[in-house]
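Descriptive structure summary
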Amino acid sequence: MTVYQDQYHMADFTYDDYEKIVITQKGPIYICAFNDAGNLNAMSYQQMAEFNDFLIKVRMDPDCRVIVLTGEGSSFCAGFNLNDLALDPPEEMGRTQRDFFIMQTICSDQVVNMRACPQPIIGALKGHAVGGGLSISCACDLRVLGQSFKMQAGYLNIGTDMSGSFYLPKIIGFARANEVLMTARRIGAEELYDWGFANRLVADEDVLDTALELAEMMVKNTSPFGLRLTKESMQSSVDGNSFDTQIKMENRNQVVATETQDAYRGTRKMNPKLREDVKAHPENYTFSNH
């Protein structure tokens, strides 16, 4: 156990008991990969439950600073796994309850938990992102697209869900979001990149490495607490905070962040009188991971 876990009486942060997602730890960067390539990583009950469990658990993991979200195989996520609709509901539960109320709650909890997660989430996306896969792509904080990436509102015969109608207009604009969500046209990576949907557009084989480069840049250039507060501020801005409210929030975050050890290191690092010492002993001025 870490000191953090001993102090707060928390269990070990282990992520090796999942089947439909795979968690790989690269220092403070965690890679979460949907792991059902044979079904194009379509959202089964098990996959969604495991993803939600990870997102809830990792929020309290002090070792994780950035999450890279991707999919095993050729595609990111092909929407809801229709095979699960053929499953018989439990005897004490009707199909309407199981297939619509509970299913929809589990689905939407994914984007709710992505938003609540204080660590930035970088999408490393290639292949298909259909229906719920589209929505999960939109809920990422940054996106790296492979050339094969294609996005489609596959749920159009029912209606949009899982925050797509919330995020997409804010990312690519109202008119373009209407086109995506109202025509169910399949939109390719280059067009999406031109629309401002992604931070990078690269070859498929470079998607994960490019996302990891962005994650490493975050780890290197930011303090852990400052990075989390920045995600909080950006999400509040997306919510439509007024200018005055956003400024007050930034003021509060800045004051709170200055009371950390990382703020002390950062302030000393910028001190002109310590310039030579920073060059000679950079290890004394680097941010910690906790």
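Residues numbered from 1 in each chain as written. Predicted model: local features only at pLDDT ≥ 70, side-chain atom pairs only at ≥ 80, totals over all residues. Heavy atoms only, no water.

1. Remarks on the packing of aromatic side chains
Under the convention used in this document: Between the rings of Phe, Tyr and Trp (Trp by its six-membered ring), a pair exists once the centres lie within 6.5 Å; its type follows the angle of the planes, with under 30 degrees stacked, over 60 edge-to-face, and the other angles tilted. Only DSSP runs of H or I reaching four residues or more are called helices, and only runs of E reaching two or more are called strands; each is numbered from the N terminus. Burial classes: relative accessible area under 20% of the type maximum marks a residue as buried, over 50% as exposed, and values in between as partly exposed (1.4 Å probe, protein chains only). By the criterion adopted, a ring carries a charge over it if an Arg CZ or a Lys NZ lies within 6 Å of its centre and within 35 degrees of its normal.
Within the structure shown, the criterion is met by six aromatic pairs. An angle of 85° between the planes, with centres 5.1 Å apart, marks the rings of Phe-34 and Phe-51 as edge-to-face. Of this pair, Phe-34 sits in strand β2 (residues 29-34) while Phe-51 is found in helix α2 (residues 45-58), placing the two residues 17 residues apart along the sequence. We note that Phe-34, like Phe-51, is buried. Across the ring face of Phe-166, the terminal group of Lys-170 is positioned such that the distance to the ring centre comes to 4.0 Å.

2. Comments concerning the sheet that holds strand β6 (residues 142-146)
So the rule is basically this: For two strands to pair, DSSP has to find at least two bridges joining them. Throughout, an axis means a line fitted to C-alpha atoms (over the contacting stretch in the case of helices), and angles, computed between N-to-C directions, take values from 0 to 180 degrees. The contact criterion used throughout is that any non-hydrogen atoms of two residues lie within 4.5 Å.
Strand order in the open sheet formed by six strands is β1-β2-β3-β4-β6-β9, and the pairing between neighbours is mixed. At either end of the open sheet lies a strand with only one pairing partner, and these are β1 (21-26) and β9 (200-202). Pairs of neighbouring strands in the sheet enclose a mean axial angle of 20°, with direction left out of account. Across six bridges, β1 lies against β2 in antiparallel orientation. Residue pairing across strands places Gln-25 opposite Tyr-30, the latter belonging to β2. Here α2 sits on the sheet and contacts β1, β2, β3 (66-71) and β4 (121-125); the angle it forms with β2, its principal contact strand, is near 170°.

3. Quick word on the pairing of β6
Burial of β6 is extensive: five of the five residues sit out of reach of the surface. Judged by which residues are buried, β6 turns out to be covered on both faces: Leu-142, Val-144 and Gly-146 on one side and Arg-143 and Leu-145 on the other are all buried. Pairing geometry for β6 and β9, over three bridges, is parallel. Bridging across to β9, Leu-145 finds its partner in Leu-201.

4. Focus on unusual backbone geometry
Unusually for a residue other than glycine, Leu-40 sits at a positive phi of about 55°. The exposure class of Leu-40 is partly exposed, given its relative accessible area of 31%. For Asn-41, which is not a glycine, the phi torsion comes out positive at approximately 60°. If you trace the backbone, Asn-41 turns up in the loop between β2 and α2. Note on Asn-41: relative accessible area 0%, which makes it buried.

5. As for the pattern of salt bridges
Opposite charge on two side chains lets them pair, provided their charged atoms get close. What counts is decided by this rule: By salt bridge we mean one thing: a side-chain nitrogen of Lys or Arg within 4 Å of a carboxyl oxygen of Asp or Glu.
Evaluated as defined, the whole model comprises seven salt bridges. Across the pair Asp-141 and Lys-231 runs a salt bridge whose closest N-O atoms are separated by 3.1 Å. Of this pair, Asp-141 sits in the loop between α4 (132-139) and β6 while Lys-231 sits in helix α9 (residues 224-238); the two residues are 90 residues apart in sequence, bridging distant segments of the chain. You can call Asp-141 partly exposed: its relative accessible area is 28%. Overlapping salt bridges bring together Glu-179, Arg-185 and Glu-191 as one network.

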